[in-house]
Number of protein chains: 4
Amino acid sequence: MNSFKSFGSDNHSGVHPEILLAISVANEGHMPAYGGDPITSASIEQFRVTFKKDVEVFFVFTGTAANTLAIRACCRGFEAVVATTIAHINEDECGAPEFITGSKILGFAHENGKLPVSVIEKIRMAPDDPHRVLPKLVSITQATELGTIYTPDELRALTKAAHARGLLVHMDGARLANAAAYLGVELSALTTDVGIDVLSFGGTKNGLLCAEAVVFFQKDLAEAFAFMRKQSMQLASKMRYLSSQFLPYLGTDLWRKNALQANAMAIYLRRRLESIEGARCPWPTEANEVFAILPEPWSSHLQTTAPAYLWNASTGLLRFVCSFDTTEADVDRLFAKTP
Amino acid sequence: MNSFKSFGSDNHSGVHPEILLAISVANEGHMPAYGGDPITSASIEQFRVTFKKDVEVFFVFTGTAANTLAIRACCRGFEAVVATTIAHINEDECGAPEFITGSKILGFAHENGKLPVSVIEKIRMAPDDPHRVLPKLVSITQATELGTIYTPDELRALTKAAHARGLLVHMDGARLANAAAYLGVELSALTTDVGIDVLSFGGTKNGLLCAEAVVFFQKDLAEAFAFMRKQSMQLASKMRYLSSQFLPYLGTDLWRKNALQANAMAIYLRRRLESIEGARCPWPTEANEVFAILPEPWSSHLQTTAPAYLWNASTGLLRFVCSFDTTEADVDRLFAKTP
Amino acid sequence: MNSFKSFGSDNHSGVHPEILLAISVANEGHMPAYGGDPITSASIEQFRVTFKKDVEVFFVFTGTAANTLAIRACCRGFEAVVATTIAHINEDECGAPEFITGSKILGFAHENGKLPVSVIEKIRMAPDDPHRVLPKLVSITQATELGTIYTPDELRALTKAAHARGLLVHMDGARLANAAAYLGVELSALTTDVGIDVLSFGGTKNGLLCAEAVVFFQKDLAEAFAFMRKQSMQLASKMRYLSSQFLPYLGTDLWRKNALQANAMAIYLRRRLESIEGARCPWPTEANEVFAILPEPWSSHLQTTAPAYLWNASTGLLRFVCSFDTTEADVDRLFAKTP
Amino acid sequence: MNSFKSFGSDNHSGVHPEILLAISVANEGHMPAYGGDPITSASIEQFRVTFKKDVEVFFVFTGTAANTLAIRACCRGFEAVVATTIAHINEDECGAPEFITGSKILGFAHENGKLPVSVIEKIRMAPDDPHRVLPKLVSITQATELGTIYTPDELRALTKAAHARGLLVHMDGARLANAAAYLGVELSALTTDVGIDVLSFGGTKNGLLCAEAVVFFQKDLAEAFAFMRKQSMQLASKMRYLSSQFLPYLGTDLWRKNALQANAMAIYLRRRLESIEGARCPWPTEANEVFAILPEPWSSHLQTTAPAYLWNASTGLLRFVCSFDTTEADVDRLFAKTP
């Protein structure tokens, strides 16, 4: 039995016990299907409390689905998404956004993982030129794919620039919990308060069981979403098993507790990695991810002990991810033997 | 607390306790994501034992996804699906097959819910006429949407006719367990042994937690399915929570135990309904569904007590569905008061 | 050199000399591309005069494109099209509407080729039920696929019923000219005046060179159509060669002259066919098509002399189509030899 | 009457008289539709002679259609296209490839408009990783979007590298004629002889009337293309009006005559532009396009006299395109007045 924790991904960890408990509690008797049950209603209400707005909430199974369907809700086929080249939607979803929505993703260079405001300010908007796709939606990832975090001011600047040009703003919040935990703010402070239009709210990476939510801050964007979700194969019949998870997750601040632990372990891990002579971490560690280029024999040694994700094969850049259940002992064990 | 069982759908019931237990057991430590874990490997092996063939197995979240992706695996956009007009893929999936695959579904009249072999024998196949879509896949539902069941001989006749014309055969097995339980045969007897090419194997309606599987009996059809599943937003990162459910489900014949109970309760319910003077059940009750047209005041009375699904508003045809946890007492309660 | 006229399709005839002349005239010097030229502007103006409304007009290359893009303009993927089972969009476009738009076509039984108003009145509209596609657009064909013609009153009844239920109405006008010629009315009398929302206006079958137009009677439906046309590969760079054809076609009533000739020849042909003992024409001949079941040896004889389209292989039903350049002599030649 | 020639695009010119003549000749009597006519057969034979191979040929209406359908023939939705960032398919087709095929286009930096071989050699090919799209098709443009031309050796190196990695090669030959004319070689020397798998063969930009062809050098790639073309709305009913154009175009080397003239005028124009003090042409002029950054007041002056296409608004880079009917006098007229 391998009880060693993985640093390969926060998808390697399991489900938090309180979440499994919530699922067990939800497993009581018969209830209407497809979200007509009282647990789902309560869960949606919890989102409205947490996000301090009368948001529309739709549960889905995967982060790729949340992102792709958010795009479907906002864009027609000829309308395009503005994102960084390294955005998860651009690189890591096997082209699901293009395949499902027909929309093109326009990739731009990032700065420390973030989309520069200048991209939005300068992007060509030519509503009279049908030869090119028409930008319609800006998609940013919080925390970014590089483990960095947009501040509320940075978010506000992005949404302001986007809205000024008639663009909507989507946040891929697969690790939004980690961002809010790092900044010490409420989830609403990074979404409702800064003008996000639609959010992919992640759960799976932070201790949930295949549960994500698409959250609309503008009701009209959600008008037809029930149909889009079903037609996109993401309508759970036994919805309560998705929705129930968010009751303790949001209601008891489990999201923050889990994220704080993962974040803290990332900082702890980074310190240990940086103590290796010649190690280099190219970006600040703000969420639960540490990127590092390590000298040999350390690089090979760690890849044998506890494989990290090889982010860039040509530079040897590794990505270590900490989970909600990673402990200092787990980190220490990485360094128990010297290569 | 409403402890009354619903007859509206088998989606109204919850998850079987043994399944929740299997999920809890799977929730131990860290494991590789996306199906690289040992539980998923074991689960796939279990499918191979159960279906007595070296099948390829892919877990997905919903029945609509299983059906739609099976079509995607078999058909290019101009290739069509042959099914009954009342097939779930044709009526109840919000056009997901067309939207996701581009393929057209050709609907034909059913006989007691079943697709007549003559449809396959007579269907126009014109590989030189690009004006019409080209039939490629026959899709049948076992048990059918009307609660009837194809015998092994009927299935063999369909697959033989289909293969003779170069058509593949898909089985929507959302309630395959109920069919095998009714016939007293193994799951393989209705699939492997009769020439099914690809199966949507349902779990959710029979006590699982949002877990379905696409099972390929021809390896070459599965060649690119890993990419199709991811691009279609159905790749679970924490796969073990899907795959683990099938270990007891298939390994301990829980599928049969659950299905037998639901089937038996449908028979029991049917007898009680038929005892109402003037009641009429248009089709035989072979699986866990009872269709009935009831006289007033019984029809309204039951719709108030425990709403069934109104299958046809103009005729007043109701569909009652029994679940794995429906009991005789639950049925009796329907008739506790006379209207 | 085979100078014999075909009765297989009005696609077998060529281009009317006046149309070729218009193209030659348009071929003068350089002009802006993509519709920015004065000929296209003039042609669109001509449509506005002819249709007596400030319509939006977009030229495309094929009838399948006109129909499919009209659907794209009106329907989102989960919104469905209501049509007869024999509608060209349903049977003869190789699934282009489904493939390009994702929308499902709901096929209903026809009466003499026409969609009964009762279909619209009774169709299930359930905007709260995401399991089924949502009807959004009624599509009718004028003249119908069976060569019959909706009267203005019939059209008015259809659009009234549709609009009352929130449905838009599309007319597949591949042979609209034949219908207007038969009824002796203006094109506007069958479109603008009766509440059509969007029209596929055919040209090719009536003497044009691969030129069709999508005509919007509601401006807001056309809002994004320039992008949809380009993204659907139907934007002509040298647009003047499409648009110029409609100047004489509409401006000199060439459409009517051509259609009258084709219609008259169909009537003439029908009389000759009906003079064959045992011949049966199942539907009235109102446009340029004659459907007939002929006794042997006449059926085989004519299929050798001048093949008609075998509409139904099992009944031997043949479709004869007359063109703008069909003459009485051409018809007579069919009967020159007795089998 | 403005008889001034435009330098804005080769789409601004008209149709060559010999092409109009061929169309007139084709307009004789009735013929089978959809390509069953003898003119289309002869035209396809002409392609086989010209390309010195038993190619499969399909006529379509636009360059965007030719490119998009070539991609559809080669790629499934999760398979990707490798191209330069400035490829026409990536920038100027309103996302038609993504919308129609679902496939993603991976854009790479160009060198003088060309795709470097090293891109192909280094591109990540991970057939076991379903998180990313799988490269399948390399698409290059000849002449490039910047008016430069791949030599036969460069093409051979690209196809060799591609085939070695299991990739197919598509050539966007919207201006292939200009390339072959420049190099003084046959069309086959840049396609058949260097290993191209599928070609979009342009006609419209070089004097044809909305006529392009998709040419397959591997028969198996074309297996289902008749259905794909119809379902993609690109099947001409009166096919002879497309196919007939290629008879003189290829059969009398009109393609070369037209291209030579356009190319020569581009060289002539370039010399005149370079004679403006401070003018800069960033790339060699090999085909019929001249890119130039001009000093003021010349830049504004010429944009008033004969607007070129503003390729880059921030740098003021202009693109001048010469057509088959551009003359020295036309060029001289640009410089008739000094600003």
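Residues numbered from 1 in each chain as written. Chains lettered and ligands numbered in written order. Predicted model: local features only at pLDDT ≥ 70, side-chain atom pairs only at ≥ 80, totals over all residues. Heavy atoms only, no water.

1. Notes on the pattern of salt bridges
Oppositely charged side chains may form a pair once their charged atoms are brought near each other. The tally for this structure, following the rule as stated, stands at 88 salt bridges over all chains. Notably, a salt bridge pairs Arg48(D) with Glu45(D), separated by 3.1 Å at the nearest N-O pair. A residue pair is termed a helical-turn pair when its members lie 3 or 4 positions apart in one helix, as Arg48(D) and Glu45(D) do in helix α2 (residues 38-50) at 3 residues. One connected set of salt bridges, linked through shared partners, spans Glu45(A), Arg48(A), Asp54(A), Glu56(A) and Lys219(A). (Salt bridge = Lys/Arg side-chain N within 4 Å of Asp/Glu carboxyl O. Helix = DSSP H or I, 4+ residues; strand = E, 2+ residues; numbered from the N terminus.)

2. A short note on the relation of the copies chain B and chain C
What relates the two chain copies is a rotation about an axis together with a slide along it. Rotating chain B by 180 degrees about the axis while translating it 0.0 Å along that axis superimposes it on chain C, leaving an RMSD of 0.0 Å. As the rotation angle and translation indicate, the two copies are arranged about a two-fold axis. Both copies contact each other with a shared surface, as 100% of the interface residues of chain B are interface residues in chain C too. (Least-squares fit on C-alpha atoms with pLDDT ≥ 70 in both. Contact = heavy atoms within 4.5 Å.)

3. Side note on the relation of the copies chain A and chain B
Its rotation angle being 180 degrees, the transformation that places chain A on chain B also includes 0.0 Å of axial translation and leaves an RMSD of 0.0 Å. Looking at the interface residues of chain A, 100% of them are also at the interface in chain B, so both copies use one shared face.

4. Observations regarding the sheet that holds strand β10 (residues 317-321) of chain C
Two pairing modes exist for strands in a sheet, parallel and antiparallel, and in both the strands are linked by backbone hydrogen bonds. Residues and elements named next belong to chain C. Across the sheet, which stays open at both edges, the 3 strands sit in the order β8-β10-β9 with antiparallel pairing between neighbours. Pairing within the sheet leaves two strands with one partner each, and these edge strands are β8 (289-292) and β9 (309-312). Across the sheet, the mean angle from the axis of one strand to that of its neighbour is 30 degrees, orientation sign disregarded. Looking at chain direction, β8 and β10 are connected through 4 bridges and run antiparallel. (Pairing = 2+ DSSP bridges. Axes fitted to C-alpha atoms, helices over the stretch in contact; angles between N-to-C directions.)

5. Quick look at the packing of aromatic side chains
All names here are of chain C. For the structure shown, the criterion picks out 74 aromatic pairs over all chains. Note on Phe291 and Trp311: the rings are 5.1 Å apart at their centroids and 85 degrees apart in plane angle, and the pair reads as edge-to-face. With Phe291 in strand β8 and Trp311 in strand β9, this residue pair connects regions lying 20 residues apart in the sequence. Of the residues examined, Phe291 reaches a relative accessible area of 1% and is grouped as buried. Ring centres of Trp298 and Phe335 lie 5.6 Å apart, and the angle between their planes is 45 degrees; this geometry places the pair in the tilted category. Taken together, the residues span a long stretch of sequence, with Trp298 in helix α13 (residues 298-305) and Phe335 in the segment after α14 (328-334) at a distance of 37 residues. (Phe/Tyr/Trp six-rings, centres within 6.5 Å; stacked < 30°, edge-to-face > 60°. Buried < 20%, exposed > 50% of the residue type's maximum accessible area, 1.4 Å probe, protein only.)

6. Quick notes on the pairing of strand β7 (residues 212-216) of chain C
All names here are of chain C. The buried fraction of β7 is high, at 5 of 5 residues. The alternating pattern of β7 places Glu212, Val214 and Phe216 and Ala213 and Val215 on opposite faces, both of which are buried. Bridge count between strand β6 (residues 198-201) and β7: 4 bridges; the pairing is antiparallel. Residue Phe201 lies in a different strand from β7, and its bridge partner there is Ala213.

7. Details of the interface of chain B and chain C
How big an interface is tends to be reported as the loss of accessible area on association of its parts. Chain B puts 19 residues into the contact, and the matching count from chain C is 19 residues. The three residues of chain B that bury the most area against chain C are Cys94(B), Lys104(B) and Arg132(B), which together make up 37% of that side's buried surface. For the interface between chain B and chain C, the tally reads 6 salt bridges. In this structure, Arg132(B) engages Asp92(C) in a salt bridge whose closest nitrogen and oxygen atoms are separated by 3.2 Å. The tally of links between chain B and chain C comes to 12 residue pairs in polar contact (both at pLDDT 80 or more). (Buried area = accessible area lost by both parts, 1.4 Å probe. Polar contact = N/O pair within 3.5 Å; in protein donor to acceptor, adjacent residues only side chain to side chain.)

8. Considerations on the nonpolar core
Membership of the largest hydrophobic core comes to 126 residues, with the highest contact counts inside it found for Phe47(C), Phe201(C), Phe47(D) and Phe201(D). Listed in part, the 123 residues of the second largest apolar core include Val82(B), Leu155(B), Leu167(B) and Phe217(B). (Core = buried A, V, L, I, M, F, W, Y, C linked by side-chain atoms within 4.5 Å.)

9. Focus on the side chain of Thr204(C)
Within the fold, Thr204(C) resides in the loop between β6 and β7. Given the relative accessible area of 4%, Thr204(C) is considered buried. A polar side-chain atom of Thr204(C) sits 3.3 Å from the main-chain amide nitrogen of Ala211(C). Apart from the residues within four sequence positions on either side, Thr204(C) is in contact with Asn11(C), Cys210(C), Ala211(C), Glu212(C), Ser237(D) and Lys238(D).

10. Remarks on helix α12 (residues 254-274) of chain C
For an α-helix, 3.6 residues make a turn, and residues three or four places apart therefore share a direction. Taking 1.5 Å as the rise per residue, α12(C) with 21 residues should run 30 Å; its terminal C-alpha atoms sit 30 Å apart, in good agreement. Listing the buried residues of α12(C) in full gives Leu254(C), Trp255(C), Arg256(C), Asn258(C), Ala259(C), Ala262(C), Asn263(C), Met265(C), Ala266(C), Leu269(C), Arg270(C) and Leu273(C). (Expected span 1.5 Å × (residues − 1).)

11. Looking at the side chain of His30(C)
You can see His30(C) is positioned in the loop between α1 (17-26) and α2 (38-50). The buried category is assigned to His30(C), whose relative accessible area is 7%. There is a polar contact of 2.9 Å between the side chain of His30(C) and the backbone nitrogen of Ser6(D). At 2.8 Å, the side chain of His30(C) forms a polar contact with the side chain of Asp325(D). The residues touching His30(C), leaving out its near neighbours within four places in the chain, are Arg240(C), Phe4(D), Lys5(D), Ser6(D), His12(D), Ser13(D), Ser323(D), Asp325(D) and Thr326(D).

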